[in-house]
Amino acid sequence: MVRRVAVIGAGVGGLASIKCCLDEGLEPTCFERSEDIGGLWRYTDSMDGGRISVYRSVITNTSKEMSCFSDFPCPEDFPSYLPHGLLLEYFRMYSRHFDLLRHIRFRTTVLSVRKRPDFATSGQWEVVTDTNGIREVHVFDAVMVCTGHFQEPYLPLAFFPGIDTRFKGQYLHSQEYKDAEAFRGKRVLVVGIGNTGGDLSVELSHVAAKVFLSARSNTWVISRVSDHGFPFDMVNTTRFNHFLDWFLPSAITKRIRFRKFNSRFNHANYGLASTKSSNFKIIVNEELPFCLLSGTVVLKPKVRKFTESSAVFEDGTTEENIDVVLFATGYSFSFAFLEESVRSLFDDNRSLYKRIFPPQLEKPTLAIIGLVQLTGSVMVGAEMQARWVTGIFAGWNKLPPTSKMMADVLKKKPPVKRNPSERENLKLSFISYTDEIASCAGIKPSVLRLLLTDPRLALAIFFGPCTPYQYRLVGRGKWSGARDAILTQWQRTLKPLRTRVVDDSSNGSDGWCWMCLVALPVALTAGFLLSRHPWPGWSPRAGPQL
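The name an unreviewed UniProt entry assigns to the protein is Flavin-containing monooxygenase 1, from the organism Haliaeetus albicilla. Database annotation for the protein, UniProt heading Cofactor (unreviewed entry): "FAD". You can read under Sequence similarities (unreviewed entry) in the UniProt record for the protein the words "Belongs to the FMO family."

(A) Region of the structure containing the confidence of the model for the protein. Chain-level pLDDT for the protein is 91 on average; 90% of the residues reach the 70-or-more range. Scored below 50 in pLDDT, residues 420–425 makes 16 contacts in the model with residues more than four places away or belonging to other chains. Low pLDDT, under 50, characterises residues 528–540; the predicted model gives this stretch 7 contacts beyond four residues in sequence or across chains.

(B) Representation of the sheet that holds strand β17 (residues 318–319) within the structure. What the 3 strands build is an open sheet, ordered β15-β16-β17; its pairing is antiparallel. On the outer flanks of this sheet lie β15 (303–306) and β17, each paired with one strand and no other.

(C) View of helix α8 (residues 250–262). With 13 residues, α8 should reach 18 Å at 1.5 Å per residue; the first-to-last C-alpha distance of 18 Å fits that figure. Taken residue by residue, α8 has T253, F258 and F261 as its buried positions. Here the buried residues of α8 occupy an arc of 130 degrees about the axis, which is enough to place them on one side. Set apart from the buried face of α8 by more than 90 degrees, the exposed residues are A251, R255 and R259. The inward-facing, buried residues of α8 contact β12 (218–222), α7 (239–247) and β13 (280–284).

(D) Structural context of the packing of α7 against helix α15 (residues 455–463). Between α7 and α15, the least distance of the axes is 5 Å, while the angle of their chain directions is 55 degrees. Accordingly, the angle class assigned to the pair α7 and α15 is oblique. Here R239, F240 and F243 of α7 come into contact with α15, specifically with I461, F462 and F463. The class makeup of the residues in the contact of α7 with α15 is 5 nonpolar, no polar and 1 charged.

(E) Region of the structure containing helix α3 (residues 84–97). With 14 residues, α3 ought to run about 20 Å at 1.5 Å a step, and its terminal C-alpha atoms sit 20 Å apart, in line with that. Inspection of α3 places H84, L87, L88, Y90, F91, Y94 and S95 among the buried residues, and these make up the whole buried set. Projected down its long axis, α3 carries its buried residues within an arc of 155 degrees, all on one side. Set apart from the buried face of α3 by more than 90 degrees, the exposed residues are R96 and H97.

Here is what the cut-offs are and how they apply
- Residues numbered from 1 in each chain as written.
- Predicted model: local features only at pLDDT ≥ 70, side-chain atom pairs only at ≥ 80, totals over all residues.
- Heavy atoms only, no water.
- UniProt positions renumbered as here; feature names shortened; annotations may be inferred.
- pLDDT = per-residue confidence, 0-100.
- Contact = heavy atoms within 4.5 Å.
- Pairing = 2+ DSSP bridges.
- Helix = DSSP H or I, 4+ residues; strand = E, 2+ residues; numbered from the N terminus.
- Expected span 1.5 Å × (residues − 1).
- Buried < 20%, exposed > 50% of the residue type's maximum accessible area, 1.4 Å probe, protein only.
- Arc of directions from axis to C-beta.
- Axes fitted to C-alpha atoms, helices over the stretch in contact; angles between N-to-C directions.
- Parallel < 35°, antiparallel > 145°, perpendicular 65-115°, else oblique.
- Nonpolar A, V, L, I, M, F, W, Y, C, P; charged D, E, K, R; others polar.

This is the structure we're talking about:
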């Protein structure tokens, strides 16, 4: 019987895990090696102890309504996209509201987590910690590892001949970047075109003499601001769109998606991506296209090698007088505190059942929280994981036999091992994954049932943004405020913009409601008929359960 739970890390996953433990009547103790909550979202100039934090100018890529805790909406006066300072303040509000801080031991490093000798029957763990030089040994019934996937900088110097033997300039990982001032007047090469690489290239372009951005993959650049000025994720991450992705042939959905991406600017003209590409990544950046258009950032292909002061690229071109090379090549994880026999059970999250549980363990008392890449907010995914995990610890939910978990892992894990910089290709659908975990936990809402009992709410859930409040409508942890939070989510989105009100009496909500009333039955009927009479060449995919 699980009672005492160790939570490692007080970032977003750790805070959600503490709260979920308390909801289930468990006794959590959280160990945080720094002096405060927030994880990498707590900005600091210091890099003492190798601590990783965001850079000074960072702003969230997912909107507040799509990223908040499912029973604690962001304040309505907060902007839709939060600077790191406001996000940290939200975490503090959450911690105070649910009285989480008293369960956290700050400045405490976890040195080791080992199975107890009787683990096969007890499932217990021995956790060794260090607090200001004082070591302690604890025994816990379960452990939730909430250190995330931003643990160790991935610096693949071996793939860049000459960088550490011939190149005379400076090279560093983006972990060391805090602001642009140190690069003023310099010629900078940024390697890697993920979200970080795009952000840093844009920021550096304001002070550097020249910025080159090296990209080896096809990349689509989208804006946080979508149609009619609404947040992109609120407009696009809907159950209706998710249903269309399942219902329509993949070739059609791909064409629709590429056309949408190119509606803002033609990516092929900028050298970013082609509609013929099968492998691609998506980044969020409003300013990068203009920087490319104005020449303050120059896009380059993959680096082939470095000389004393230049970079030679795969297309044969050379850029001379490079002062700094900034590697935005991502992070890897190791969980060094876990004993080797446990750590060897998984080389990445695809080796874990539902990206959480090592399936080979005799007892399911170790959970890895937040080690997942989603097309939406990982914060929501981490909370969903924590709710299911603590339900299992408390005995409300059950895992299948080891053989079934192993079969599920092998079915979903591709045979080719990728390096950490390719994690974009490993992203899971936000709605698919959160629905999957919610179904396991018994907290997934039924649109069909709601259509009969609460049509207005059903329409908002199916056609509106898939906000986390949807997972508080039913099951354990049901929240009485969930329905109101869903029906008022657009008001909270628009509220911080109402600093200057203009007279605009036009209102398209009636038309939207009529569209919903017509489209929902059509969508449900189409899905029903197609599942029984598929058209030629159509093969069923794992469809959304309405």
